[in-house]
Each structure stands twice: as C-alpha cells, then as structure tokens.
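Observations on the model geometry
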Amino acid sequence: MDEQLLNYLNRHLPPSEDWVKDIEQQAHIDRVPIMDSIGINFLMQLIRLSKPKRILEIGAAIGYSALRMSEANPEATITTIERDDKRYQQAIENITKNNKEAAINIIHGDAIEELTRLAESNNTYDFIFIDAAKGSYKRFFELCFPLLADQGVIISDNVLFRGYVLDPNFDHPRYKKMVEKIRSYNEWLVNHPSFITTILPIGDGVAISYKK
Ligand code: SAH
Ligand code: MG
C-alpha cells in the first residue's frame, strides 16, 4: 500500500498499552508473523461492532491476536489453536502474564484434527479468524463451516499476501505455490453460495465472509 497512506494511518491508531508493545517486540525479535498494527486494529473494531460471545482462532502463534481480540471484547471466550511447540509455550506465558486464562483457551495441535474434534462436540462460534498455513485455507474454511453460528463471520488473513496475489507477473519459486493457492481460495470464497464475502486491502489483505 502507498507509503504515505500507511504512515498516516499508523499515526492515527488508538494508543496501545505496554503489554501490547512487549509482545510486538517479542514477535519482531523471533520473526513471528503477527498481524500488523493497522490490521489488528481493524480486527478489534470488527469485534467491538459485532460483539461475538464465542470466538475461534486458527493460528495463535504467541497469543498476540487472541489477547487483542479479548481486549476488544473482554466478555468473549476465545478458543485458539497452535501446532508449533515453542509458539504454543510462548502463547501460554503471554496469556498467563495477562491473567487471561479464563477468557482464552489455547489448544496445542494441528487445526485440521482439532477442528474436526470441536465439531464432534457440537461447539459453535460467532466469529472465526483463520490465520494459519495459507495453503490450507480452503480446508480450514470447510471444517469451520459446521462450527459457525447463523449470521456468524469468518475472517481470513493474508489473502493478498504482500500484493503478490494480484500481480499477474508474480513468479518467485519460494512463494509461487502458496500464492496460487491463495488466489484459488479467494475465487472459491467469493463464489461460495452460503456466504457474502468482501476482500479489503487492510494489513496483508483481509477477507470478511458473512454467513447468509
Ligand atoms: N494470529 C497470530 C499469528 C499467527 S501466525 C497473530 O496475528 O498474532 C500463523 C501460525 O499458525 C503459526 O504460528 C503456525 O505455527 C500456525 N499454524 C500453521 N498451520 C497450522 C495448523 N495446521 N494447525 C495449527 N496451527 C498452525
Ligand atoms: Mg496473518
């Protein structure tokens, strides 16, 4: 996005508390791809507006987005899934440090299996945030479908992936496959008969899918 616009928007975000800055720094040092400031503030605003009681997140990393969602709606209970051992441990520490054990339940495991398990126990969620392996988004979305309450919302992060997704000449061996997967996910998503989806150029690209 335009540099001048990003600088302007970043200068006009709500102030964040010290614990937020601490986790952002931790993510920066360990190169954890947490949501950027504009993206996370947008997600938080969606939560303030829609006031979901039950939130499900796929891809906790070190707990940053889960803690920010809880900040936006302290009444919500959040279930979040992370498969990486180290990040899971860091997430537990951050959740404990901020006394959010009651609000945030973190599951250590692969989302493909864990989502199936959650569906078997008849859980439903008002708001689902997909932010894990980009190549598996379609699978995640399909597994989330039975978990989503009526008029619920599914947010997918990184759907424009550094703008590569919209560049017809993009051809980098490292990301080519993933970018193609995101492209086909976006096409599939906007044509899904049970959802109305809008894609926004916020953060790394956010898709908002509303269940009809
Ligand atoms: N939502 C976080 C960032 C998540 S980064 C934030 O903004 O603060 C993506 C995370 O998804 C990584 O930590 C990665 O380990 C995890 N992940 C990727 N694929 C997964 C899967 N299949 N199951 C569970 N976690 C997964
Ligand atoms: Mg992301």
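Data block above holds the structure.
Residues numbered from 1 in each chain as written. Chains lettered and ligands numbered in written order. Predicted model: local features only at pLDDT ≥ 70, side-chain atom pairs only at ≥ 80, totals over all residues. Heavy atoms only, no water.

Points about the side chain of Asn-158
Along the polypeptide, Asn-158 turns up in the loop between strand 5 (148-157) and helix 8 (176-190). With relative accessibility at 12%, the residue Asn-158 sits in the buried group. A polar side-chain atom of Asn-158 sits 3.0 Å from a polar atom in the side chain of Lys-134. When neighbours within four sequence positions are excluded, Asn-158 is seen to be in contact with Asp-131, Lys-134, Tyr-137, Ile-182, Asp-204 and Gly-205. (Helix = DSSP H or I, 4+ residues; strand = E, 2+ residues; numbered from the N terminus. Buried < 20%, exposed > 50% of the residue type's maximum accessible area, 1.4 Å probe, protein only. Polar contact = N/O pair within 3.5 Å; in protein donor to acceptor, adjacent residues only side chain to side chain. Contact = heavy atoms within 4.5 Å.)

A short note on the packing of aromatic side chains
With the rule as written, the count across this model stands at 11 aromatic pairs. Ring geometry for Phe-141 versus Phe-195: centroids 4.9 Å apart, planes at 70°, classification edge-to-face. Of this pair, Phe-141 sits in helix 7 (residues 137-144) while Phe-195 is found in strand 6 (residues 195-200), placing the two residues 54 residues apart along the sequence. A relative accessible area of 3% places Phe-195 in the buried class. (Phe/Tyr/Trp six-rings, centres within 6.5 Å; stacked < 30°, edge-to-face > 60°.)

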